[in-house]
Amino acid sequence: MAESLQVDVLVVGSGASGLAAAVSAQRAGARVALATKGSLQSCNSAKAQGGIQAAVGEDDSPEQHADDVWRSSHETADRRLVEILTEEAPGTIAWLEEAGVEFTRENGGYRLARCGGASRKRLLQVGDRTGHAITSALRDSVESTNVIRLPKSPLAGLDRIESGWRARLGEHTVEAGAVVLAAGGRCYRVAEERGELSTNHPGATGEVTQIAVDLGAEVRDFDALQYHPNGGAWPATMQGYSIPETTRAYGAVLLNADGEEFTDSLGPRDEVSQAIFDEVEAGRGVETPDGRPAVWLDTTRIAKDDAEVSLPYMLRRYRAGGVDPLAERILTFPVLHYQNGGLVIGEHGETTLDGLYACGEIAGGTHGRNRMMGNSLLECCVFGRRAGAHAAKAAA
């Protein structure tokens, strides 16, 4: 039965960015509705394994973090967005802990890892299921409030009205003073079109971005899709799985068919992915039992203690498929992973259309044309909080 609702802020998407936006808008005093295409639990954010970056180490700083982001983006990111991202990272970690996220600790502090493109150890983790921990905690926060939840309500249309926006969401019509788009990217659909594998949830199909573009919203770097350097290539049950980059942070290296290292295993994602493509193209790759291209990831170099603390989920999955990553090398190949570009936003997540905000993977600028690992969950939380709070203010 069709239902009409009036709220101050409508959030579209229930990943980390949408949940953060809904929590922040509600805490700012707004009446909030949160709509999503599938269930509230269905999102890419929950699949994020590696961790979340924040300059919390004694030898680190937000400025150093920003320099690493800028360099990894090949100086294509929006520098102001990068500065906001890194300046607010430590406070965002505290905010997540208040929500119930328990980051892995050791020796009285956080267990930090160095990720690809980073000059310092600054990756915080919850084992290797960081995204799951963050989305679970934020979803609990949403469900403990009066935020209206509209699962299985895909956005079908968005129209300007005098009081803001009217959205058609499944069987619902929602009028809102401001709308926050947090519906993620399009890599699952693109991978299907290309006949490739993707790490993404099947809901990552990009139609919400197209709705905004059709309304006149500007985009940037929209052609820049990112490959995760280490997609699972074998066993077949692991194909499309994103092997945590923390495997390389804890000592794993990439090897060709001759057992030779051919790239900096802790380089930026695009450089590592391209090096693997080039090595295979040059005939120095290996082949999976089902005929797919691959190279080796030598995970036997990871200390058992590190693996058991920071990679337990990966170990369980591979061992269930008959492969022990601590006893044998594993086969890997890049897999389509992330939409680097997206809707143009300002420092509060505002798009180029009044009253329309964007945060998370649907937005562009923070990463430029190449994202560092660990900055996706961070971007979701930093700009989700900002977009939600500003949308509440704008709708007041």
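Figured I'd write up the structure that's included with this text. (Residues numbered from 1 in each chain as written. Predicted model: local features only at pLDDT ≥ 70, side-chain atom pairs only at ≥ 80, totals over all residues. Heavy atoms only, no water.)

The subject of this paragraph is the overall build of the chain. Within the chain one finds twelve helices and 19 strands. Relative to a compact globule of 396 residues, whose C-alpha radius of gyration would be 21 Å, the chain shows 20 Å and is just as compact. Counting over 396 residues, the chain shows a buried share of 58%. Considering only contacts within the chain whose residues lie at least 6 apart along the sequence, 73% involve residues at least 24 apart. Of the roughly 15,200 Å² of accessible surface on the chain, 44% is carried by carbon and sulfur atoms. Across the chain, 39 positive and 55 negative side-chain charges occur, with their mean positions spaced 3 Å apart. (Helix = DSSP H or I, 4+ residues; strand = E, 2+ residues; numbered from the N terminus. Rg over C-alpha atoms; globule rule 2.2 N^0.38 Å. Buried < 20%, exposed > 50% of the residue type's maximum accessible area, 1.4 Å probe, protein only. Contact = heavy atoms within 4.5 Å. Areas by Shrake-Rupley, 256 points an atom, 1.4 Å probe, with all protein chains shown as cover. Lys, Arg positive; Asp, Glu negative; His and termini not counted. Charge placed at Lys NZ, Arg CZ, Asp CG, Glu CD.)

Before going further, it helps to spend a moment on the environment of Pro202. Structurally, the position occupied by Pro202 is in the loop between α6 (187–194) and α7 (207–215). Sequence separation of Pro202 and Arg189 is 13 residues, and the distance between their C-alpha atoms is 7.7 Å.

Quick look at the environment of Gln6 now. Inspection of the secondary structure puts Gln6 in strand β1 (residues 3–12). The exposure class of Gln6 is exposed, given its relative accessible area of 57%. The residues touching Gln6, leaving out its near neighbours within four places in the chain, are Arg31 and Glu175. Within the structure, the side chain of Gln6 is placed 3.0 Å from the side chain of Glu175, a separation counted as a polar contact. (Polar contact = N/O pair within 3.5 Å; in protein donor to acceptor, adjacent residues only side chain to side chain.)

What follows is about the pattern of salt bridges. Note on pairing: side chains with opposite charge can pair once their charged atoms come close. One pass over the structure, following the stated rule, counts 28 salt bridges. Note that Arg122 is salt-bridged to Asp60, the shortest N-O span being 2.8 Å. With Arg122 in the loop between β5 (109–110) and β6 (123–124) and Asp60 in the loop between β3 (52–53) and α2 (62–72), the pair connects residues that are 62 residues apart, well separated along the chain. Arg122 gets classed as buried once you look at its relative accessible area, which sits at 0%. Where Glu97 meets Arg105, a salt bridge forms, and the shortest distance between an N and an O atom there is 3.4 Å. Judged by relative accessible area, which is 27%, Glu97 ranks as partly exposed. Overlapping salt bridges, with partners in common, bring together Asp67, Arg79, Arg80, Glu83 and Glu347 in one network. (Salt bridge = Lys/Arg side-chain N within 4 Å of Asp/Glu carboxyl O.)

Turning our eyes to something else, we now look at the packing of helix α4 (residues 89–98) against helix α12 (residues 376–395). With their axes 10 Å apart at the nearest point, α4 and α12 run at an angle of 90 degrees to one another. Classified by the interaxial angle, the pair formed by α4 and α12 is roughly perpendicular. Every residue of α12 that contacts α4 at Ala89, Gly91, Thr92, Trp95 and Leu96 is listed here: Leu378, Cys381, Val382 and Arg385. Classifying every residue of the contact of α4 with α12 by side-chain character gives six nonpolar, two polar and one charged. (Axes fitted to C-alpha atoms, helices over the stretch in contact; angles between N-to-C directions. Parallel < 35°, antiparallel > 145°, perpendicular 65-115°, else oblique. Nonpolar A, V, L, I, M, F, W, Y, C, P; charged D, E, K, R; others polar.)

The analysis is restricted to geometry; functional conclusions fall outside its scope.
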